[in-house]
Amino acid sequence: MAFYQVLIAVEQEPNKLRQVFEDLDESELKPKLVIPYKKGTSLICGNEVIPVSQIRKIHIVRTTHRNEVEREDLHSKSVREIDRLNRESSGVVFISPGFGYDPVDILEAGEDVTRKFITGHPGAAAGLPPLARFAGNPWLVTVVGGLVVAYLIWKFGWNK
């Protein structure tokens, strides 16, 4: 089973990613993120409401295990790598807690599948209002345009 983790950066902090959803399955991802994003409405993340118009970056990461398990695995691997480097180095010692503590580290643990779900800008599916779609209908434009030309010819007598 796949799990989806969602990270966003908002207008107020465009370079700071934060996790807003974790461990969603695909049937939860669509109503919680994809549909509101495409309609241009707001995301409801716990007790926070985030207007999609404020989103500056978005990442949807697919993992094979839950967020906590993936990050623990990432942390274990990074600690082993630091230990290996410290054993093999001649005098240089790396002191680091490793990766996996920060929720943003999930980007390293899974596959970024954002393009599979997000294909346009926020509100792209909302489209034009019905009146604007009606007024832009090519048949309507042709008929109304023809009537306007006929009226002008009749009014100014251009047919004489």
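Just so it is clear, the structure is predicted and the values come from calculations on it, not from any experiment. (Residues numbered from 1 in each chain as written. Predicted model: local features only at pLDDT ≥ 70, side-chain atom pairs only at ≥ 80, totals over all residues. Heavy atoms only, no water.)

1. Thoughts on the overall build of the protein chain
Going by this rule: Secondary structure elements follow DSSP: runs of H or I of four or more residues count as helices, runs of E of two or more count as strands, with numbering from the N terminus. Whether two residues touch is decided by their heavy atoms; if any such pair falls within 4.5 Å, the residues are in contact.
Assigned secondary structure in the protein chain consists of six helices and six strands. Listed by position from the N terminus, the elements making up the protein chain come as β-β-α-β-β-β-α-α-β-α-α-α. Relative to all contacts within the protein chain whose residues are 6 or more apart in sequence, the contacts with residues 24 or more apart total 64%.

2. Considerations on unusual backbone geometry
Here is the rule we go by: Burial classes: relative accessible area under 20% of the type maximum marks a residue as buried, over 50% as exposed, and values in between as partly exposed (1.4 Å probe, protein chains only).
For aspartate 23, which is not glycine, the phi torsion reads 55° and is therefore positive. Residue placement: aspartate 23 occurs in strand S2 (residues 18–24). Take aspartate 23: its relative accessible area is 16%, and that puts it in the buried class.

3. Examining the pairing of strand S4 (residues 48–51)
Rules: Strand pairing is defined by DSSP finding a minimum of two bridges between the two strands.
Of the pairings in the sheet, the one linking strand S3 (residues 42–45) to S4 comprises four bridges and is antiparallel in character. If you follow isoleucine 44 over to S4, its bridge partner there is valine 49. If you look at the hairpin formed by S3 and S4, you'll find two residues sitting between the two strands, and glycine 46 has a positive phi there, around 65°.

4. Regarding the nonpolar core
Condition: Put simply, a nonpolar core is a bunch of buried Ala, Val, Leu, Ile, Met, Phe, Trp, Tyr and Cys residues held in one set by side-chain atoms that sit within 4.5 Å of each other.
Formed by 21 residues in total, the largest nonpolar core has its most connected members in Ile8, Leu29, Leu33, Ile50, Ile55, Ile60 and Phe117. Sorting the residues of this core by element identifies strand S1 (3–10), S2, helix H1 (26–39), S3 and strand S5 (55–63) as the ones contributing at least two each. In this structure, leucine 29 is in contact with Tyr4, Val6, Leu24, Val34, Ile60 and Phe117, ignoring residues within four places of it in sequence. Core analysis: the next-biggest nonpolar cluster, separate from the first, contains five residues, Ala9, Leu17, Val61 and Ile106 among them.

5. So, the sheet that holds S2
Heads up, the condition is: The axes are straight lines fitted to the C-alpha atoms, using for helices just the contacting stretch, and the angles between their N-to-C directions are given from 0 to 180°.
The strand order S2-S1-S5-S6 describes an open sheet built from four strands, whose pairing is antiparallel. Two strands lie at the open edges of the sheet, namely S2 and strand S6 (111–112), each paired on one side alone. Inspection of the sheet shows S1 paired to S2 by four bridges, in the antiparallel sense. From the neighbouring strand, isoleucine 8 faces S2, where its bridge partner is arginine 18. Its contacts with the sheet put H1 on S1, S2 and S5, and the angle it makes with S2 is roughly 145°.

6. Some details on helix H6 (residues 138–156)
What counts, and what does not: The span expected for a helix works out to 1.5 Å for each residue beyond the first.
Compared with the 27 Å implied by 1.5 Å per residue over 19 residues, the 27 Å span of H6 between its first and last C-alpha is a close match. Of the residues trailing H6, glycine 157 is marked for its positive phi of about 65°.

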